[in-house]
There are 2 protein chains.
Amino acid sequence: MEYSAKQLQIIEVAERLFSQKGFAGTSVRDIAQEADVNVSMISYYFGSKEKLIEALFQLRMSESRSRMEVLIQDEDLNPIQKINMLIDSAIDKLMGNQCFHNIMLREQLSSERTPVISDHIRKLKMRNVELMQQLILEGQEAGVFRKNIDLSLMSTTLYGTINYAIATQDFYRKINNLEDMEEEEFQKYLKRRLSQHLKSLFKSTVTNEHHIEN
Amino acid sequence: MEYSAKQLQIIEVAERLFSQKGFAGTSVRDIAQEADVNVSMISYYFGSKEKLIEALFQLRMSESRSRMEVLIQDEDLNPIQKINMLIDSAIDKLMGNQCFHNIMLREQLSSERTPVISDHIRKLKMRNVELMQQLILEGQEAGVFRKNIDLSLMSTTLYGTINYAIATQDFYRKINNLEDMEEEEFQKYLKRRLSQHLKSLFKSTVTNEHHIEN
DNA sequence: GATAAAATCAAACGATCGTTTGATTTTTAT
DNA sequence: ATAAAAATCAAACGATCGTTTGATTTTATC
């Protein structure tokens, strides 16, 4: 599906507003006004408000054809390096599309989801979990990773941490006295800290054998 | 503030519906119907829909007077044991009030928040972060914890992981072939796995010195 | 059991919702 | 230049929104 400049404009405004105020909390008149088009253009172009968010998902999902799948095959990288690449790739993707991933997280919190959208999300999550599973199994076979790792919870920690960090970034700014930092600089800073933090977390967890008391 | 049985009934129904469909996605008529009261009773008791969700926050926040603060002082526990207690306490709290914490997470995703509510959330998060900070500093002074730990990102990982695990629990069920498990049993199972996972994560990260390449 | 207060209700309020209509303008194709 | 197609618009549609009204019933107080 190809979209005209006007259509893309509508989609992008909708993305921002859905992210800020939620789907139900955003009216088509809000979108029309900020996108500088007539209200009726939304139904005219997309059919309905519901179809609009589906178009947004369709578009963003089609863009996310990840380069990870091929990079993962690289023989020159050791398991830890591959995991680190996966972490940075996830950080880049989520922090580079904060509005969209905010919407996606909101969708996952809802119990009344559109089948079309939840299918998209399920497929994407499946890909992510399988990717990490493949990487960790590789590391285990190479003998560098410990055996008893909860694969799906490792994914949960990766995406849960990034999502939550993005959701609470204002709070992070405040308690770390970074309120004077320029927005762009702060984004870079947060990315770097997240990267260090998650790599440290994953490396030590995945490589060290140890038992948990209690 | 004291609430009658009817008022509590309304609050509890509202909590469930806000959790399932979001605040804007839930109508006062939905709430009234499921709570088996007349629509006007919501304005009559709480003043408005907005005041209703504020009452919900007020109530749940007042209940959450954590026992952690005192248990943390226990001299007989070593730093790791205290961290483990903090983890289990967080899991219990979030998984025991999934609806409310779902709403709270949604609020944090919104940029147009009610000041009353975002104040409550900020205060709660501050408490949590300070608690973990205190524990980790204690471990560092005792010489068992490494020095370069991103304190606020440890909190982010703890709450981000639990929140995301709850949000995606259906997916977790599916990929781990647990679809036949009874709901109650699954909740216990997820709690146990989360506990093991997070304790393993924290212990290895917090105790082992190592540098991160890249 | 009379009186006041609290609770409950159906109905209606004005506002806003997503969507459609039908006329008009702009663009495209011949 | 002309006809067809696409885009744009103000206006209106019916539905639903949160809230209020005013009458009625229930409960509490003496």
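Rules used throughout
- Residues numbered from 1 in each chain as written.
- Chains lettered and ligands numbered in written order.
- Predicted model: local features only at pLDDT ≥ 70, side-chain atom pairs only at ≥ 80, totals over all residues.
- Heavy atoms only, no water.
- Least-squares fit on C-alpha atoms with pLDDT ≥ 70 in both.
- Contact = heavy atoms within 4.5 Å.
- Buried area = accessible area lost by both parts, 1.4 Å probe.
- Salt bridge = Lys/Arg side-chain N within 4 Å of Asp/Glu carboxyl O.
- Helix = DSSP H or I, 4+ residues; strand = E, 2+ residues; numbered from the N terminus.
- Buried < 20%, exposed > 50% of the residue type's maximum accessible area, 1.4 Å probe, protein only.
- Near = heavy atom within 4 Å.
- Polar contact = N/O pair within 3.5 Å; in protein donor to acceptor, adjacent residues only side chain to side chain.
- Nonpolar A, V, L, I, M, F, W, Y, C, P; charged D, E, K, R; others polar.

**Structural notes on the relation of the copies chain B and chain A**
Relative to chain A, chain B is turned by 180° and slid 0.0 Å along the rotation axis, the superposed coordinates differing by an RMSD of 0.0 Å. This pairing of chains is accounted for by a two-fold axis. Relative to the rotation axis, the C-alpha of Gly160(B) is the closest in chain B, positioned 2.3 Å from it. When the interface residues of chain B are mapped onto chain A, 98% of them are again interface residues, pointing to one common binding face.

**Examining the interface of chain B and chain A**
Contacts between the two partners involve 58 residues from chain B and, on the opposite side, 57 residues from chain A. Summing the contributions of chain B and of chain A, the shared interface buries around 5300 Å²; its carbon and sulfur component is 60%. Contact with chain A buries area across many residues of chain B, yet Leu109(B), Tyr164(B) and Phe171(B) alone supply 14% of it, more than any other trio. Our count for the chain B to chain A interface comes out at 2 salt bridges.

**Some thoughts on the pattern of salt bridges**
With the rule as written, the count across this model stands at 20 salt bridges over all chains. In this structure, Arg60(A) and Glu63(A) form a salt bridge, with 3.2 Å as the shortest nitrogen-oxygen distance. Placement of the pair is Arg60(A) and Glu63(A) together in helix α4 (residues 49-63), with a separation of 3 residues, close to one helical turn. Using a relative accessible area of 12% as the deciding quantity, one classes Arg60(A) as buried. In this structure, Arg173(B) engages Glu183(B) in a salt bridge whose closest nitrogen and oxygen atoms are separated by 2.9 Å. Here Glu183(B) lies in helix α11 (residues 183-207) and Arg173(B) lies in helix α10 (residues 169-175), a separation of 10 residues in the sequence. Residue classification places Arg173(B) among the buried residues on the basis of a relative accessible area of 11%. Through salt bridges that share partners, Glu15(A), Arg60(A) and Glu63(A) make up one connected network.

**Quick notes on the protein's contact with DNA strand C**
In the vicinity of DNA strand C, 16 residues are found, and the nearest of them are Val28(A), Arg29(A), Ser48(A), Lys49(A) and Lys6(B). Taken together, the sugar and phosphate atoms account for 45% of what DNA strand C places within 4 Å of the protein. One of the backbone nitrogen or oxygen atoms of Thr26(A) is found 3.3 Å away from a phosphate oxygen of DNA strand C. Here Lys6(B) contributes a side-chain N or O atom positioned 3.0 Å from a phosphate oxygen of DNA strand C. Counting only elements with at least two residues in the surface near DNA strand C, the list comes to α2 (28-35) and α3 (40-46) of chain A together with α3 (40-46) of chain B. With 4 residues, the single largest contributor to the surface near DNA strand C is α3(B). Residue composition of the surface near DNA strand C, grouped by class: 5 nonpolar, 7 polar and 4 charged.

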